[in-house]
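Structure at a glance
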Amino acid sequence: GDSVTQMEGPVTLSEEAFLTINCTYTATGYPSLFWYVQYPGEGLQLLLKATKADDKGSNKGFEATYRKETTSFHLEKGSVQVSDSAVYFCALISGGSYIPTFGRGTSLIVHP
Amino acid sequence: DTAVSQTPKYLVTQMGNDKSIKCEQNLGHDTMYWYKQDSKKFLKIMFSYNNKELIINETVPNRFSPKSPDKAHLNLHINSLELGDSAVYFCASSRRWGLQETQYFGPGTRLLVL
């Protein structure tokens, strides 16, 4: 079946540090890939997405590139802020089932 | 304007009780979902409805029964609540059922079974 693997957290960084959160996947067919963010006490919201190989999704300084050859969709940001502290979820919808599948989430803590 | 709303936000109840959680979306979407998020933040899909028809029914005890009276509403009824049902339940919607569809989540219902 489909699955998403994310690096375990928490990831703890100082403000203005570079962020990478790794995400790899297995899926039936060619999936669409997503990053969602969950702030404390809230529901998830879409951060960015990519729907085909080599596409780059970007939003609010975050980027991720759909890499079919390595089945990866790593999230990056050049300079994190305290307000980026949240839980980040990598997710996919595959062409085989159309069922959304989420990774286990990576908690990011940014210190001033 | 709240796009996806859930009630109640918090629910504390005793083992063995029956409870319902309501969800409404005002986005005009065709597809709605229920997810369960455990204490370690793991998010698992439970059900999905497309145009009021059940299309996903994952491995969920039959004590859980979803109902979609119309496209804008998806409710979740839970019978004979157990301690292990304690979690945060999220409702979500998407424009339609498909490969590229973004999910829009509600704020969650925090259920605690004592």
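Residues numbered from 1 in each chain as written. Chains lettered and ligands numbered in written order. Predicted model: local features only at pLDDT ≥ 70, side-chain atom pairs only at ≥ 80, totals over all residues. Heavy atoms only, no water.

1. Some points on the interface of chain A and chain B
Accessible area lost upon the coming together of the parts is a frequently used measure of interface size. Taken together, the 24 residues of chain A in the interface contact 22 residues of chain B. Here chain A meets chain B over a buried area of about 1,900 Å², counting both sides, of which 61% is carbon and sulfur. Of all residues in chain A, Tyr98, Phe102 and Arg104 of chain A bury the most surface against chain B, accounting for 27% of the area lost on that side. The interface formed by chain A and chain B includes 6 residue pairs in polar contact (both at pLDDT 80 or more). (Contact = heavy atoms within 4.5 Å. Buried area = accessible area lost by both parts, 1.4 Å probe. Polar contact = N/O pair within 3.5 Å; in protein donor to acceptor, adjacent residues only side chain to side chain.)

2. Notes on the sheet that holds strand β9 (residues 75-77) of chain A
Strand pairs in the sheet, formed through backbone hydrogen bonds, run parallel or antiparallel to each other. Residue and element names in this part refer to chain A. Strand order in the open sheet formed by 4 strands is β3-β9-β8-β7, with antiparallel pairing between adjacent strands. Strands with a single pairing partner mark the edges of an open sheet, and in this sheet they are β3 (19-21) and β7 (56-59). Neighbouring strand axes in the sheet, compared pairwise and without regard to direction, differ in orientation by 15° on average. The pairing of β3 with β9 spans 3 bridges and is classified as antiparallel. The residue of β9 that forms the bridge with threonine 20 is glutamate 76. (Pairing = 2+ DSSP bridges. Helix = DSSP H or I, 4+ residues; strand = E, 2+ residues; numbered from the N terminus. Axes fitted to C-alpha atoms, helices over the stretch in contact; angles between N-to-C directions.)

3. Some remarks on the state of the cysteines
As enumerated under the stated definition, the model contains 2 disulfides over all chains in all. Between the sulfur atoms of cysteine 23 of chain A and its disulfide partner cysteine 90 of chain A the distance amounts to 1.9 Å. With the S-S dihedral at roughly -70°, the linkage between cysteine 23 of chain A and cysteine 90 of chain A falls on the left-handed side. Here cysteine 90 of chain A lies in strand β10 (residues 86-93) and cysteine 23 of chain A lies in strand β4 (residues 23-26), a separation of 67 residues in the sequence. Given the relative accessible area of 0%, cysteine 23 of chain A is considered buried. Note on cysteine connectivity: cysteine 23 of chain B is disulfide-linked to cysteine 91 of chain B, with sulfurs 1.9 Å apart. (Disulfide = S-S within 2.5 Å. Buried < 20%, exposed > 50% of the residue type's maximum accessible area, 1.4 Å probe, protein only.)

4. Focus on the side chain of glutamine 6 of chain A
Residues and elements named next belong to chain A. Considering the arrangement of structural elements, one finds glutamine 6 in strand β1 (residues 3-6). Reaching out from glutamine 6, the side chain makes a polar contact with the backbone nitrogen of cysteine 90 at a distance of 3.0 Å. Side-chain polar atoms of glutamine 6 contact the side chain of threonine 106, separated by 3.0 Å.

5. Brief notes about the environment of leucine 27 of chain B
Within the secondary structure layout, leucine 27 of chain B lies in the loop between β3 (19-25) and β4 (31-37). With residues near it in sequence (within four places) discarded, leucine 27 of chain B still touches Ala3, Val4, Ser93 and Tyr104 of chain B.

6. A look at the environment of glutamine 25 of chain B
All names here are of chain B. Along the polypeptide, glutamine 25 turns up in strand β3. Sequence separation between glutamine 25 and leucine 74 is 49 residues, and the spatial gap between their C-alpha atoms is 8.8 Å. A polar atom in the side chain of glutamine 25 sits 3.2 Å from the backbone nitrogen of glycine 28.

7. Notes on the pattern of salt bridges
With the rule as written, the count across this model stands at 9 salt bridges over all chains. For lysine 52 of chain A, the salt bridge is made with aspartate 55 of chain A, and the minimal N-O distance between the two is 3.5 Å. By relative accessible area, which is 52% here, lysine 52 of chain A ends up exposed. Salt bridges linked by common partners bring Arg63, Glu82 and Asp85 of chain B together as one network. (Salt bridge = Lys/Arg side-chain N within 4 Å of Asp/Glu carboxyl O.)

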